[in-house]
Amino acid sequence: MSLMDVARKLGVSESKKLLSKAAELRRLADIQFDSSIIGVGEICKTIICLEIAASMMDVVFNRQAAIKLSGMSEKAYNRSFNAMQNGIGVKNKLDIRELAIQFGCVRLIPFVHKGLSLYRERFLAKLPLSRQASTDFTRPVFNAAAFYLCAKKHKLKVDKLKLIELAGTSESEFSSVSTSMMDLCFDIFGIAKEKKDSKKIKGKRELLDALPDKRKFEDGGSCSSDDESHSDKKCSRKEGYDEWKAQVERSMKRIKTQAPVKQTKQVTLDFLKRVPKISTSQSS
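The present account deals with the structure reproduced in this document. Within each chain, residue numbers correspond to sequence positions counted from 1 in written order. In keeping with the predicted nature of the model, local features appear solely for residues at pLDDT of at least 70, side-chain atom pairs appear and are counted solely at 80 or more, and the whole-chain, interface and lining totals rest on all residues. Based on all heavy atoms of the structure, the side-chain values leave hydrogens and waters out of the count.

## Some words on a nonpolar patch on the surface
Going by this rule: Surface patches are defined over residues having more than 30% relative accessible area and no salt bridge, joining like charges when they lie within 9 Å and nonpolar side chains (Val, Leu, Ile, Met, Phe, Trp, Tyr) when within 5 Å. A 1.4 Å probe and the Shrake-Rupley method give the accessible areas. Residues count as covered only by the protein chains that appear here. Salt bridge criterion: a side-chain nitrogen from Lys or Arg within 4 Å of a carboxyl oxygen from Asp or Glu. Secondary structure is summarised from DSSP: a helix means a run of H or I of at least four residues, a strand means a run of E of at least two, and numbering begins at the N terminus for each.
Nonpolar side chains collect at one region of the surface, where Tyr241, Trp244, Val248, Met252 and Ile255 lie side by side and expose about 540 Å² of accessible area between them. Relative to the helices and strands, Trp244 is located in helix H14 (residues 224–258).

Structure (structure tokens):
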């Protein structure tokens, strides 16, 4: 499929300047970018060149139609787009004011600028002089990360994936820059930890008090007193049982001595009928 055919399907074939720029980017991509490494096909490469050219010339481009035509998922297309854009050396411009207007967070503009300036100063201060001149802060990932952190600090919802897409970077690079900014400029981008609720702390303390075995004393004490009290209770219960047993035995002995059992004599019964003996005199 030629460049003209792809542009016609995406509805951008009328702009000759756009087609010329896309063809230039395509030739540059064939020379400087090995698309086989990330599995980008020829049609997808043409589509990405058209989108890059459209963004450079401020031409409306239907990204969803481009993703559908490429046959890739949105995540895979974004990853291929960012890799190809960086591979051919095209820098995407990302203005903080435009970001604020697009996401409806205009009041974040001064905070983002302040955070970026402080980050540059503190980051360069940690580098040797030989590396300070080669450091590039013009990449859009820095603006995107600072904008996202400021929005998070002020509890404003911002689509992170869309921001990464606009910056033309990867999620790993965005996360790395965000972490670096958070470490160096926590006073600007960081979120203070919430104070613990005193009621919850009191409730937990009461729970510990209710469980002697789990209680820990803050003054360096131990649970020996609790163990001693527990053993004392156990001993007192045993003593009570022994006393009760002795009382029962004494009462049983008293009953036996006061009312002895009368022994009865067993009578043998003879059920055989005895026939009286007849004397011989009478029989004769």
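Continuing now.
## Examining the pattern of salt bridges
Side chains that carry opposite charge are capable of pairing whenever their charged atoms lie near each other. Keep this limit in mind: Three exposure classes are used, based on accessible area relative to the maximum for each residue type with a 1.4 Å probe and protein chains only: buried under 20%, partly exposed in between, and exposed over 50%.
Throughout the structure, instances matching the rule amount to nine salt bridges. Of the charged contacts, one joins Lys45 and Glu42 as a salt bridge, the two residues approaching to 4.0 Å between their closest N and O atoms. With Lys45 and Glu42 both in helix H3 (residues 42–56) and three residues apart, the pair spans about one turn of that helix. By relative accessible area, which is 4% here, Lys45 ends up buried. Taking the relative accessible area as the measure of exposure, Glu42 reaches 47% and is therefore partly exposed.

## What about the nonpolar core?
How we decide: Residues enter a nonpolar core if they are buried and are Ala, Val, Leu, Ile, Met, Phe, Trp, Tyr or Cys, with the set joined through side-chain atoms within 4.5 Å. Note on contacts: a residue pair qualifies if any of its non-hydrogen atoms lie within 4.5 Å across the two residues.
Ranked by size, the top nonpolar core spans 34 residues in total, and within it Val112, Phe142, Phe147, Leu163, Phe174, Met181 and Phe189 carry the most contacts. At the level of secondary structure, the elements contributing two or more residues to this core comprise helix H6 (96–103), helix H7 (109–125), helix H9 (140–153), helix H10 (160–167), helix H11 (171–184) and helix H12 (186–189). It is H9 that provides the largest number of residues to this core, a total of 10 residues. Here Phe142 is in contact with Leu116, Tyr119, Asp136, Phe137, Val177 and Met181, once residues within four sequence places are set aside. Counting residues in each nonpolar core, the second largest holds 27 residues, with Cys44, Ile47, Ile48 and Phe81 among its members.

## Considering the packing of aromatic side chains
Going by this rule: Pairing of aromatic rings covers Phe, Tyr and Trp, the last counted by its six-membered ring, and requires centre-to-centre distances within 6.5 Å; plane angles under 30 degrees mean stacked, over 60 mean edge-to-face, and any other angle means tilted. Criterion for a charge above a ring: Lys NZ or Arg CZ within 6 Å of the ring centre, and within 35 degrees of the ring normal.
All told, the structure shown has eight aromatic pairs when counted by the stated rule. When the centroid spacing of 6.1 Å and the interplanar angle of 90° are considered together, the rings of Tyr119 and Phe137 count as edge-to-face. With Tyr119 in helix H7 and Phe137 in the loop between helix H8 (129–132) and H9, the pair connects residues that are 18 residues apart, well separated along the chain. Here Tyr119 matches Phe137 in class, with each residue buried. Linked through ring pairs, Tyr119, Phe123, Phe137 and Phe142 together constitute an aromatic cluster. Seen from the ring of Phe103, Lys162 lies directly overhead, with NZ or CZ sitting 5.9 Å from the centre.

## Regarding unusual backbone geometry
Positive phi is not limited to glycine here, since Lys155 has a value of about 60°. Structurally, Lys155 is set in the loop between H9 and H10. For Lys155, a relative accessible area of 77% corresponds to the exposed category.

## Examining helix H5 (residues 74–87)
Heads up, the rule is: Take the residue count of a helix, subtract one, and multiply by 1.5 Å to get its expected span. N or O atoms within 3.5 Å of each other form a polar contact, as long as, within protein, one can give a hydrogen and the other can take it, and as long as residues adjacent in sequence are counted only when both atoms are side-chain atoms.
Relative to the 20 Å expected for 14 residues at 1.5 Å per residue, H5 spans 20 Å between its end C-alpha atoms, a close match to the ideal helical length. Regarding H5, the residues found buried are Ala76, Tyr77, Asn78, Ser80, Phe81, Asn82, Met84 and Gln85. Along its buried surface, H5 packs onto helix H2 (16–32), H3, helix H4 (63–70) and H10. For H5, the capping residue at the N-terminal end is Ser73, with a side-chain oxygen 3.3 Å from the backbone nitrogen of Ala76.

## What to know about the side chain of Ser180
Tracing the chain through its elements places Ser180 in helix H11. One polar contact links Ser180 to Tyr119, side chain to side chain, over a distance of 2.9 Å. Once you skip the residues sitting within four places of it in the chain, Ser180 turns out to touch Tyr119 and Phe123.

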